[in-house]
Amino acid sequence: MTRYLVGRFLGLVTVLFVTSLVVFGTVHLAPGDPVSFLLHGRPATPETTAALRAQYHLDDPLPAQYAKWLGAVLQGDFGRSAQFHQDVGSLIASRLPGTALLVGYAALLVAVLGVAGGVLAALRPGALDRVVLLGTGVATATPSFVSAMALVSLFSVQLGWFPGPGGTPEGFTDRLYHLTLPAFALALTFAGLLARVTRSAMLDELRREHVEVARARGVARRAVVRRHVLRNALGPVVTVGGTMLAGLLISTSIVETAFDVSGIGSLLVQSVTAKDFAVVQAITLLSVAAFVVVNLAVDLVAPLIDPRLSLHGEGSS
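Residues numbered from 1 in each chain as written. Predicted model: local features only at pLDDT ≥ 70, side-chain atom pairs only at ≥ 80, totals over all residues. Heavy atoms only, no water.

*Asks:* Please give an account of the side chain of E256 that cites residues and values.
*Replies:* Considering the arrangement of structural elements, one finds E256 in helix 11 (residues 252–259). One polar contact links the side chain of E256 to the main-chain amide nitrogen of I264, over a distance of 3.4 Å. Within polar-contact distance, the side chain of E256 engages the backbone nitrogen of G265 at 2.7 Å. If sequence neighbours within four positions are ignored, E256 has contacts with T99, L102, V261, G263, I264, G265 and S266. (Helix = DSSP H or I, 4+ residues; strand = E, 2+ residues; numbered from the N terminus. Polar contact = N/O pair within 3.5 Å; in protein donor to acceptor, adjacent residues only side chain to side chain. Contact = heavy atoms within 4.5 Å.)

Structure representation (structure tokens):
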């Protein structure tokens with residue numbers, strides 16, 4: 001266990017280091033000049049332009065800029081936003097609760113809709129199975145921004161059941177109410193994928209020899225499904241679900257922008273448009289770190305749910 005954790009930690013450090021190189025190089029080599037945004041289109045003297053470039057170290061060689069940035073990040077300093085004139089760490093912290101609530105809400109919908117749909121499809125072959133497969137196929141193939149527009153058009157504009165983009169919620173319950181449509185828009189694709197994975201895992205377990213033996217011995221179908229089928233099928237479901245949770249974190253930018261949610265995703269879109277280097281680098285690096293940490297947690301939890309899985313991803317003999 002110790003050797004495994006050390007190996008995964010070193011892998012996490014390596015991934016983050018490579019990611020930092022890629023992100024830093026990509027952001028700084030993209031076309032455009034952040035000084036133009038800082039000036040807001042106003043004419044400026046060469047002295048003013050030079051002062052701004054010096055303030056944000058834009059005239060330093062890229063290796064020197066990277067070394068300064070990485071050294072500051074290792075000390076918890078992500079720099080200062082050129083767009084908001086605010087410390088990047090504080091800026092991200094102020095947007096984090098909105099994204100965390102949206103992702104948590106969407107993750108709950110993915111788990112409920114995905115697992116329930118997959119279980120029903122596996123246990124009810126025929127018409128219900130075909131309906132679930134059709135629904136999950138449509139959900140999986142529909143991009144989040146299309147789901148967002150369809151949900152707003154139907155449930156906000158036509159039916160008036162939920163508020164549209166924007167608005168200022170008051171209190172936790174009202175905030176959940178405002179996040180319902182964004183959460184569904186974010187969750188639908190992942191719920192469709194998880195339903196198909198759950199269905200496949202359930203069907204594999206239903207064909208197992210020990211399940212057939214239990215049925216032949218007269219064990220009630222509900223008990224067989226609960227003790228032998230569903231429990232053993234949870235291994236791949238949890239593994240894929242954990243990856244999807246990390247995917248939800250990365251996919252929030254489209255939904256938050258579509259619904260005008262003040263979160264990390266919409267902040268990333270604004271910062272990319274404004275070439276706000278410090279914010280883009282910080283959000284990207286933190287997103288990759290969250291992705292790797294979630295995958296590590298899934299790898300540690302999966303063997304506890306299904307003992308046939310080892311920490312190295314191999315079935316036990």
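*Asks:* How would you summarise the packing of aromatic side chains if you had to cite specific residues and measurements?
*Replies:* What the rule picks out here adds up to 3 aromatic pairs. Taken together, a centroid distance of 5.8 Å and an interplanar angle of 40 degrees make the contact between F155 and W161 tilted. Classification of F155 as partly exposed rests on a relative accessible area of 22%. (Phe/Tyr/Trp six-rings, centres within 6.5 Å; stacked < 30°, edge-to-face > 60°. Buried < 20%, exposed > 50% of the residue type's maximum accessible area, 1.4 Å probe, protein only.)

*Asks:* Quick rundown of the environment of L194? Include the residues and the values.
*Replies:* Position of L194 among the secondary structure elements: in helix 8 (residues 171–206). The class of L194 is buried, set by a relative accessible area of 4%. Taking C-alpha positions, L194 is 8.9 Å from T136, a pair spaced 58 residues apart along the chain.

*Asks:* Any chance you could break down unusual backbone geometry for me, citing the residues and the numbers?
*Replies:* Its identity is not glycine, yet H85 carries a phi of approximately 50 degrees, on the positive side. Inspection of the secondary structure puts H85 in the loop between helix 4 (62–74) and helix 5 (88–123). In this structure H85 comes out as partly exposed when scored by relative accessible area, which is 47%.

*Asks:* I'd like a rundown of the packing of helix 6 (residues 127–141) against helix 8, residues and numbers included.
*Replies:* At a minimum axis separation of 7 Å, helix 6 and helix 8 run at an interaxial angle of 140 degrees. With respect to each other, helix 6 and helix 8 are oriented oblique. Both helix 6 and helix 8 take part in a crossing whose hand is left-handed. Where helix 6 approaches helix 8, its residues D129, L133, T136, G137, A139 and T140 are matched on the opposing element by L188, T189, G192, L193, A195, R196 and R199. Partitioning the contact of helix 6 with helix 8 into residue classes produces 5 nonpolar, 5 polar and 3 charged. (Axes fitted to C-alpha atoms, helices over the stretch in contact; angles between N-to-C directions. Parallel < 35°, antiparallel > 145°, perpendicular 65-115°, else oblique. Left-handed = near helix turned anticlockwise from the far one by under 90°. Nonpolar A, V, L, I, M, F, W, Y, C, P; charged D, E, K, R; others polar.)

*Asks:* Quick one: what's the story with the packing of helix 5 against helix 10 (residues 221–250), residue by residue and with numbers?
*Replies:* Put simply, helix 5 and helix 10 touch, their axes get as near as 10 Å, and they point 145 degrees apart. The handedness of the crossing between helix 5 and helix 10 comes out as right-handed. Contacts from V103, A106, A107, V110, V115, V119 and L123 in helix 5 reach R221, V225, L230, V237, M244, L245, L248 and L249 in helix 10.

*Asks:* Which residues make up a nonpolar patch on the surface, and what values do they have?
*Replies:* Taken together, the side chains of V6, F9, L10 and V13 make up a nonpolar region of the molecular surface, amounting to roughly 370 Å² of accessible area. On the secondary structure map, V6 appears in helix 1 (residues 2–29). Exposure remark for V6: the relative accessible area of 45% places this residue in the partly exposed category. (Patch = residues over 30% accessible without salt bridge, like charges linked within 9 Å, V, L, I, M, F, W, Y side chains within 5 Å. Areas by Shrake-Rupley, 256 points an atom, 1.4 Å probe, with all protein chains shown as cover. Salt bridge = Lys/Arg side-chain N within 4 Å of Asp/Glu carboxyl O.)

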